[in-house]
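Here is what each chain is made of, one letter per residue.
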Amino acid sequence: LYLFYPGTSIFSLGTVGCSFHCEFCQNWEISRGDIPGTFALSVEDVVEILKTQAPRDCIGVAYTYSEPLMWYEFVLPASRAVQAAGYKNVLVTNGFINEEPLRQLLPTIDALNIDVKGFTDRFYHRVVHGRYRPVLRTAVLAKEAGCHVEITTLLIPGLNDSEEELAALTTWVATALGPDTPLHFSRYFPHYKLRLEPTPLTTLRRAREIAREKLRYVYLGNVAETESATTYCPDCHRPVVERHGYRVRAGGLSGRHCRFCGRELPLTVVSNEV
């Protein structure tokens, strides 16, 4: 999450299982397997770790790694307890969930990074082995509930990277979620069952150009380009949050405002520390 408490840390939890079966899965050992050496945590354990072991800049818990909605029965009470303790809850999810349980969960969730893996039924059916319209509904309902939402799409050569599909995705994000919604394009590398060549950098850069016609905050992931991970002020175009790997410097911010021109940015509370 690039615009949600940039510069802070978070306690990440995960376990095995996924509702999709993506042929390009980057975490297939977790999503499809059983990891030796796992251990059990109770809801009480999670809160206790936050209070006694987490660093001072830890804002809360991210339910992530594999698919957190597969362990909904833990995430729901855990997120309630974490919220009651004064911390934030983040979901990193494929967004595939029925509406009723989603509505029960959203009051405890502060932010979501949702994978929109493609923008056609054909891609979801053939490569993801799922459906994409419920994912779009999840993003819209989360936004309506007041959650911070960011979207991530892994671009796979020849499968979901056509300019027409990228334009359709961008238009949907801009109209359904708003032009301030961060959109992340990640570079594909061969993994699990899919053995295509890595996504060309030219494709990623072109995707960013297309998306920036309608969106203010577009980023590239799995690439070593600092510029494409930096957040710029839409007015004066100065860098306000710079990222180098996992190092973040929010030196261009004054609270939620650009330090250079004063524009208010769609950010939560930030840290100015490196």
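Residues numbered from 1 in each chain as written. Predicted model: local features only at pLDDT ≥ 70, side-chain atom pairs only at ≥ 80, totals over all residues. Heavy atoms only, no water.

## Overview of the sheet that holds strand β8 (residues 231–232)
Stage number 1. The strand order across the open sheet built from three strands is β8-β9-β10, with neighbouring strands paired in antiparallel fashion. The sheet terminates laterally at β8 and β10 (247–249), the two strands that pair on one side only.
Stage number 2. In this structure, β8 lies alongside strand β9 (residues 239–244), joined through two bridges in antiparallel fashion. Its bridge partner being in β9, T231 is matched across the sheet by V241. (Pairing = 2+ DSSP bridges. Helix = DSSP H or I, 4+ residues; strand = E, 2+ residues; numbered from the N terminus.)

## Brief notes about the packing of aromatic side chains
Centre-to-centre distance and the angle between the planes together describe a pair of aromatic rings.
Stage number 1. For the coordinates displayed, the defined rule picks out twelve aromatic pairs.
Stage number 2. Look at Y2 and Y219: their rings are 4.6 Å apart centre to centre, the planes differ by 75°, and that puts the pair in the edge-to-face class. One end of the pair, Y2, is in the segment before β1 (9–13); the other, Y219, is in strand β7 (residues 218–221), and 217 residues separate them in sequence.
Stage number 3. A centroid spacing of 5.9 Å and a plane angle of 80° characterise the contact between F20 and Y124, whose relative ring orientation is edge-to-face. Remark: Y124 occurs in helix α5 (residues 121–128) and F20 occurs in the loop between β1 and α1 (28–31); sequence separation between them is 104 residues. The burial state of F20 is the same as that of Y124; both residues are buried. (Phe/Tyr/Trp six-rings, centres within 6.5 Å; stacked < 30°, edge-to-face > 60°. Buried < 20%, exposed > 50% of the residue type's maximum accessible area, 1.4 Å probe, protein only.)

## Description of the pairing of strand β4 (residues 111–115)
Stage number 1. Taken across its five residues, β4 has four buried, putting it largely inside the fold.
Stage number 2. Of the strand pairs in this sheet, strand β3 (residues 88–93) and β4 are connected by four bridges, and their pairing is parallel. Residue L91 lies in a different strand from β4, and its bridge partner there is L112.
Stage number 3. Each parallel crossover has a hand, and for β3 linked through helix α4 (residues 99–105) to β4 it is right-handed.
Stage number 4. Of the pairings in the sheet, the one linking β4 to strand β5 (residues 148–155) comprises five bridges and is parallel in character. The residue bridging L112 from the neighbouring strand is V149, located in β5. (Right-handed = clockwise from strand over helix to strand, strands pointing away.)

## A word on the packing of helix α2 (residues 43–52) against helix α3 (residues 72–84)
Helix-helix packing: each pair is described by the crossing angle between the helix axes and the interaxial distance.
Stage number 1. Direction vectors running N to C along α2 and α3 enclose 35°, while the axes themselves pass 9 Å from each other. For α2 against α3, the interelement crossing comes out right-handed. Taken together, the residues of α3 that come into contact with α2 (itself represented by V43, V46, V47 and L50) are F74, P77, A78, A81 and V82. (Axes fitted to C-alpha atoms, helices over the stretch in contact; angles between N-to-C directions. Left-handed = near helix turned anticlockwise from the far one by under 90°. Contact = heavy atoms within 4.5 Å.)

## What about helix α8 (residues 201–211)?
Since the α-helix turns once every 3.6 residues, residues separated by three or four places project in the same direction.
Stage number 1. Of all the positions in α8, only T203, L204, A207, R208, I210 and A211 are classed as buried. Looking straight down α8, one finds that the buried residues subtend no more than 160° of arc, so they occupy a single side.
Stage number 2. Elements that come into contact with the buried residues of α8 comprise β5, α7 (163–177), β6 (183–187) and β7. (Arc of directions from axis to C-beta.)

## As for the confidence of the model for the chain
Stage number 1. This prediction gives the chain a mean pLDDT of 94; 97% of its residues lie at or above 70.
Stage number 2. Across residues 270–274, where pLDDT falls below 50, the model places 14 contacts with residues more than four positions away in sequence or in other chains. (pLDDT = per-residue confidence, 0-100.)

## Considerations on the pairing of β9
Stage number 1. From the end of β8 to the start of β9, which pair antiparallel, there are six residues, and H237 there has a positive phi angle of about 65°.
Stage number 2. Across three bridges, the pairing between β9 and β10 is antiparallel. Across the sheet, residue E242 finds its bridge partner in β10, namely R249.
Stage number 3. Linking β9 to β10, which pair antiparallel, is a turn of two residues; within it G245 sits at a positive phi near 65°.

## Topic: the environment of W172
Stage number 1. One can find W172 in helix α7.
Stage number 2. Taking the C-alpha atoms as reference points, W172 and S228, 56 residues apart in sequence, are found 22 Å from one another.
Stage number 3. Dropping the residues within four chain positions of it, W172 is found in contact with V116, F119, L136, A139, V140 and L177.

## Thoughts on the pattern of salt bridges
Stage number 1. Using the criterion set out here, one finds ten salt bridges in the structure.
Stage number 2. Taking the shortest distance from any N to any O, the salt bridge between D115 and K117 comes out at 3.5 Å.
Stage number 3. The partner of E242 in a salt bridge is R249, with the nearest N and O atoms 3.9 Å apart.
Stage number 4. Each of E163, R206 and E209 takes part in salt bridges that share partners, so that together they form one network. (Salt bridge = Lys/Arg side-chain N within 4 Å of Asp/Glu carboxyl O.)

## Regarding the sheet that holds β1
Stage number 1. Here we have seven strands laid out as an open sheet, ordered β1-β2-β3-β4-β5-β6-β7, and parallel in their pairing. Looking along the sheet, the strands with just one partner apiece sit at the ends: β1 and β7. Neighbour-to-neighbour, the strand axes of this sheet turn through a mean angle of 20°, independent of strand direction.
Stage number 2. Where β6 lies against β7, four bridges are found, and the strand directions are parallel. When the bridges of β7 are listed, F185 appears paired with L220.

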